[in-house]
Each structure stands twice: as structure tokens, then as C-alpha cells.
Amino acid sequence: MVSREVLIKAEGLTKKYDDFQAVDHIDFEVYRGECVGFLGPNGAGKTTTVRMMYCFLVPTAGELTVAGLSVKSQCREIKALIGVAPQEDNLDPDFTVLKNLTVYCRYFDIPKEEALKRAEEQLRFFQLEEKRDVPILALSTGMKRRLIFARALLNQPQILILDEPTTGLDPQARHLVWDEIRYLKKQHVTIILTTHYMDEAQILCDRILIVDHGKIIEQGNPAELIKKHVGEEVLELDYDEKMIPLLKEAFPQFRMERIGDRIQIFTDQPHGVFEGFLQQHKLQNVSIRNANLEDVFLKLTGRGLRAE
């Protein structure tokens, strides 16, 4: 059960780099025990927003507080409350896997014996025990991502910030990370997640904030956003110009969209509305699926590629 206690609060939060406005006067709140996903195209401002939360970047304007502490003047206290798994690999290449964890514990004044105990626990959970004495450079990309996540949990944080935590992971490791996030949610840890995997956000997040061009353009529960913006079901079929009049006649109120050589038709009506049409028209390479968060994301932010 998510608390209604506001743990993170932004008012007019802004970050500028010379003439570029990365984050543009945004307001938001995150409640204790909530998992909130920040989604957006490359360059939208989501990672910049998250980095301000853990005092990696200083806001240009506005206010941002974490557990009532200001990111402008109380960074040390905030960092003690937060665990961070950043996008970039910032593991120490001169250390082994185990030493990366035990040395990191020193930043939080965790005693040596307790540090070793916590490090061993995380290595067991993330299935890295056999790599404990291996140098960082010998790890695969996926193993490094798991180790970065493990390191973020060493200080037993109240708030966990995960910036694209499953990028580069195979399906098994990805589900391992999902299991840990679910477990932490049950322990009332507040989680901030950025990801490009819409299925991940849909499954894990209590609430989604969609960011584009430095602004929050939509927010809400994933299921509510899907129903609001795209509906219940999607019919997908190959583009055929001769089919367009038939589709428009059969589904005059439905949103229709062409994506490359495919057509998507969205409906907010109950399941089963497309089956009658397909019985009358025997089509190849056609599918009916549930509408999802990726449909919402693409509708709101567009389908064009963005520069990093």
C-alpha cells in the first residue's frame, strides 16, 4: 500500500546548459513506498531530473526536496538516504567484484564486518558469488549492470534510483532485477525508475511520468493511461490501399495509424470487436493484441528518432 506521505517534491524545477533548457519548470511529487517511472525519448530530460534528485547535478532554478531536505544545501544527508544505480558503468576497474562493494560501504561508515556481510548477501542474490574475486574488466556487460544494482543496495536505502537498470541484461537477469524491485516495494522502499522498456515500466511502476522536451506531458497509473489514450485493443495488419475504405467503413470512430508497411487500429470498446471483421475478410499476417504503454508513449512523444 503506497503512503500519501510526500517523500520527493519538485516545484518549478529547472536545469539549463547555456541556452539549452534540459528541464523546464516542472512540478511533481513522489510518495513514500511508490515506484515511479520517468519515461521519455533520448534528450527529453528524464535522466537530468533524476540526477538532480541524488545531487549529481545542481538545479538552475526551482525547488527540489528529498525527505524534506534541500538538494541545494543538504546533499550529504540526502545521499545517506539514497541508493543509485546509474546508467554509466562507474565501477572501479582496479578492484575485484567484492572489493568494489566493500570499499563503497566506507562512504556510509558501514563497519568492515557488516560491509563484508552485506556485500556477500548482494553477491548471492544477484548470482555473482563465483565472480567475487574477479577483476571488473573480466565481467560481461550484464554482470556489471547486476553489480551496480547490488552496490546501490548496500546502504539499505529509503529511496532507490534506477537509471535504465536492465539495459544489456539477458531475459533471466532482467527478471532477477524485477524480482528484487518487487521485493523492495514490499519493504516500502521508494523507487525511481527510468527505462526505455515500456513493458518493464508497465509491470513495475505504480505511476508513470512521461517527459518530453524538458516538461512532464502526462502522468498517471499505467493502466489508466493506456485506457485514456489508446483504449483496449489494437488490430494490426499489413498496409493495403484497397483495405483502407473497408476499414474506415467498419471502424469509423476508431483511431487508425500507418506505421511503415503496417496499419494499427485502436479501440476502447470491449474485447471481441475486431473478430467479426476478420471472419468476413480473410487476411494474412494480421494480429489482435492488448493496447499497451508503448502505444501511449509513441502517441504522446511521436515515432521519430531523437539524438542522444
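Look above for the structure.
The rules we used
- Residues numbered from 1 in each chain as written.
- Predicted model: local features only at pLDDT ≥ 70, side-chain atom pairs only at ≥ 80, totals over all residues.
- Heavy atoms only, no water.
- Helix = DSSP H or I, 4+ residues; strand = E, 2+ residues; numbered from the N terminus.
- Expected span 1.5 Å × (residues − 1).
- Buried < 20%, exposed > 50% of the residue type's maximum accessible area, 1.4 Å probe, protein only.
- Contact = heavy atoms within 4.5 Å.
- Pairing = 2+ DSSP bridges.

1. Remarks on helix 4 (residues 112–125)
- Counted at 1.5 Å a residue, the expected span for helix 4 with its 14 residues is 20 Å, and the 20 Å between its end C-alpha atoms agrees.
- When helix 4 is considered as a whole, its buried residues turn out to be Ala 115, Arg 118, Ala 119, Glu 120, Gln 122 and Leu 123.
- Where helix 4 is buried, its residues touch helix 3 (97–105) and helix 5 (141–152).
- Within two residues after helix 4, Gln 127 carries a phi angle of roughly 55 degrees, on the positive side.

2. Thoughts on the pairing of strand 9 (residues 207–212)
- Of all six residues that make up strand 9, six are buried, and the element is covered over most of its length.
- Of the two faces of strand 9, both are covered, the one formed by Arg 207, Leu 209 and Val 211 as well as the one formed by Ile 208, Ile 210 and Asp 212.
- Taken together, the four bridges between strand 3 (residues 35–39) and strand 9 define a ladder with parallel strand orientation. Across the sheet, Phe 38 pairs through a bridge with Leu 209, a residue of strand 9.
- In this antiparallel pair of consecutive strands, strand 9 and strand 10 (residues 215–220), the connection spans two residues, and His 213 shows a positive phi of 50 degrees.

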